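Fold and contact review
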Amino acid sequence: MRSCKKIKTLPTGYALYFHIGETEKKCFIEEIPDETMVIGKYRTQLWDKQTGSFLPATPGLGMHVEIKDPDTKIILSRQYGSDGRFTFTSHTPGEHQICLHSNSTKMALFAGGKLRVHLDIQVGEHTNNYPEIAAKDKLTELQLRARQLLDQVEQIQKEQNYQRYREERFRMTSESTNQRVLWWSIAQTLILIVTGIWQMKHLKSFFEAKKLV
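Residues numbered from 1 in each chain as written. Predicted model: local features only at pLDDT ≥ 70, side-chain atom pairs only at ≥ 80, totals over all residues. Heavy atoms only, no water.

**Brief notes about the pattern of salt bridges**
For the record, the criterion: For this document, the term salt bridge refers to a Lys or Arg side-chain nitrogen within 4 Å of an Asp or Glu carboxyl oxygen. Going along the chain from the N terminus, every DSSP run of H or I of four or more residues is numbered as a helix, and every run of E of two or more is numbered as a strand. Buried residues are those whose accessible area, probed at 1.4 Å on protein chains only, stays under 20% of the maximum for their type, while exposed residues exceed 50% and partly exposed ones sit between those limits.
A complete count under the given rule lists seven salt bridges for this structure. Glu31 is paired through a salt bridge with Arg166; the nearest N and O atoms lie 3.2 Å apart. Note that Glu31 is positioned in strand S3 (residues 25–32) and Arg166 in helix H2 (residues 141–209), a separation of 135 residues in sequence. By relative accessible area, Glu31 is classed as buried at 4%. Residue class for Arg166 comes out partly exposed when judged on its relative accessible area of 33%. One salt bridge in this structure joins Glu154 and Lys158, with 3.9 Å as the shortest N-O distance.

Have a look at this one:
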């Protein structure tokens, strides 16, 4: 079973949790500008019938993560553990599909049960660990703030470019649709004219045959 959900996360990200069964696959469609880093973190909890609650999943249970770009090209397909972190950079602006499903070989660990997956997605400058950057580059508080502002401006520019890209695609689609409608109208008009001429000739031949004209 597969389900998809479209979530617009620009410019920050989202955190959520969802439930999956043994054969279920969850997919999320996310609009991302080009050349933008995305970091996803997840952790799993297994339903325990005895306690009636979700408990941390066993290490043997894994998750498979698959990510496709707007051209349906697979840019990431990898098996992770019960808790994991995945990273990718978009090279094509548009809707990226992020799919997760549990590994089928270990499903006997909770046969017939369900799994809760906590997912956290960060996009753009929100993927940066600024305390780590400040410590590594020995930045002052003011320098770090300037770095954050520059990253935010860069991300805003990417988002604006992506919006222009979407508007351009929408304009091209609209123009193509309008052109098809125009040609279809012209074709209908020509068909009506040809049909009218044929009917007139047919009626004329009929009246001549009946010697009414």
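Structure's up, so let's keep going.
**Here we look at the packing of helix H1 (residues 130–137) against H2**
Our working rule: For helices, the fitted line uses only the C-alpha atoms of the stretch in contact; every axis is such a line through C-alpha atoms, and the angle between N-to-C directions lies from 0 to 180 degrees. Geometric relationships in this document are graded by angle, where less than 35 degrees denotes roughly parallel, more than 145 denotes roughly antiparallel, 65 to 115 denotes roughly perpendicular, and other angles denote oblique. Crossing handedness: left-handed means the near helix sits turned counterclockwise from the far one by under a right angle, and right-handed means the same turn made clockwise. Throughout, a contact is declared for two residues whenever any of their heavy atoms are within 4.5 Å. Residues are sorted three ways: Asp, Glu, Lys and Arg are charged, Ala, Val, Leu, Ile, Met, Phe, Trp, Tyr, Cys and Pro are nonpolar, and all the rest, Gly among them, are polar.
Two elements in contact, H1 and H2, have axes separated by 10 Å at closest approach and are oriented at 125 degrees. Put simply, H1 runs oblique to H2. When the axes of H1 and H2 are compared, the crossing they make is right-handed. Of the residues in H2, those touching H1 at Tyr130, Ile133, Ala134 and Asp137 are Leu144, Arg147, Gln148 and Asp151. Counted by class, the contact of H1 with H2 contains four nonpolar, one polar and three charged residues.

**Considerations on the nonpolar core**
So the rule is basically this: Working definition of a nonpolar core: buried Ala, Val, Leu, Ile, Met, Phe, Trp, Tyr and Cys residues. They are joined through side-chain atoms within 4.5 Å.
Judged by nonpolar contacts, the single largest core of 23 residues is most densely connected at Tyr42, Val65, Phe86, Leu115 and Leu119. Put simply, the parts of the chain that give this core at least two residues each are strand S2 (13–20), S3, strand S4 (36–48), strand S6 (63–68), strand S7 (74–80), strand S8 (83–90), strand S9 (94–102) and strand S10 (115–123). Top element by residues in this core is S10. It accounts for five residues.

**Remarks on the pairing of S7**
Selection rule: Two strands are counted as paired when DSSP detects at least two bridges linking them.
Here six bridges tie S6 to S7, and the two strands are oriented antiparallel to one another. Considered in S7, the bridge of Ile67 is made with Leu76. From the end of S6 to the start of S7, which pair antiparallel, there are five residues, and Thr72 there has a positive phi angle of about 60 degrees.

**Looking at unusual backbone geometry**
The phi torsion of most residues other than glycine is negative, and most of the peptide bonds are trans. In this model, Glu35 sits at a positive phi of 50 degrees, which is unusual for a non-glycine residue. For Glu35, the location among the structural elements is in the loop between S3 and S4. Look at Glu35 and you get partly exposed, because its relative accessible area is 42%. The backbone phi angle of Thr72 is positive, close to 60 degrees, even though this residue is not glycine. With respect to the helices, strands and loops of the structure, Thr72 is situated in the loop between S6 and S7. For Thr72, a relative accessible area of 60% gives the class exposed.

**What about a nonpolar patch on the surface?**
The cut-off we apply is this: Here a patch means residues that are over 30% exposed by relative accessible area and free of salt bridges, tied together within 9 Å if like-charged and within 5 Å if nonpolar (Val, Leu, Ile, Met, Phe, Trp, Tyr). In this description, accessible areas are obtained by the Shrake-Rupley approach with a 1.4 Å probe, and a residue is regarded as covered only by the protein chains that are shown.
Residues Leu182, Trp183, Ile186, Leu190, Ile193 and Ile197 make up a contiguous nonpolar surface patch of about 600 Å² in total accessible area. Within the fold, Ile186 resides in helix H2. Overall, Ile186 belongs to the partly exposed group, its relative accessible area being 35%.

**Let's talk about the state of the cysteines**
Definition in use: Here, a disulfide means two cysteine sulfur atoms that sit within 2.5 Å of each other.
Across all of its chains, the model carries one disulfide by this definition. Here Cys27 connects covalently by a disulfide to Cys99, the sulfurs 2.1 Å from one another. Between Cys27 and Cys99 the disulfide shows an S-S torsion of about 110 degrees. By sign, it is right-handed. Note that Cys27 is positioned in strand S3 and Cys99 in strand S9, a separation of 72 residues in sequence. Residue Cys27 is classed as buried on the basis of its relative accessible area, which comes to 1%. Judged by its relative accessible area of 1%, Cys99 falls in the buried class.

**Concerning H1**
Short version of the rule: Here the arc refers to the set of directions running from the helix axis out to each C-beta atom.
Residues of H1 that are buried include every one of Tyr130, Ile133 and Ala134, and no others. Along the axis of H1, the buried residues cluster in a sector spanning 100 degrees; they form a single face. Opposite the buried face of H1, at more than 90 degrees from it, the exposed residues are Pro131, Glu132, Ala135 and Lys136. Where H1 is buried, its residues meet H2. Positive backbone phi, at 55 degrees, marks Lys138, one or two positions downstream of H1.

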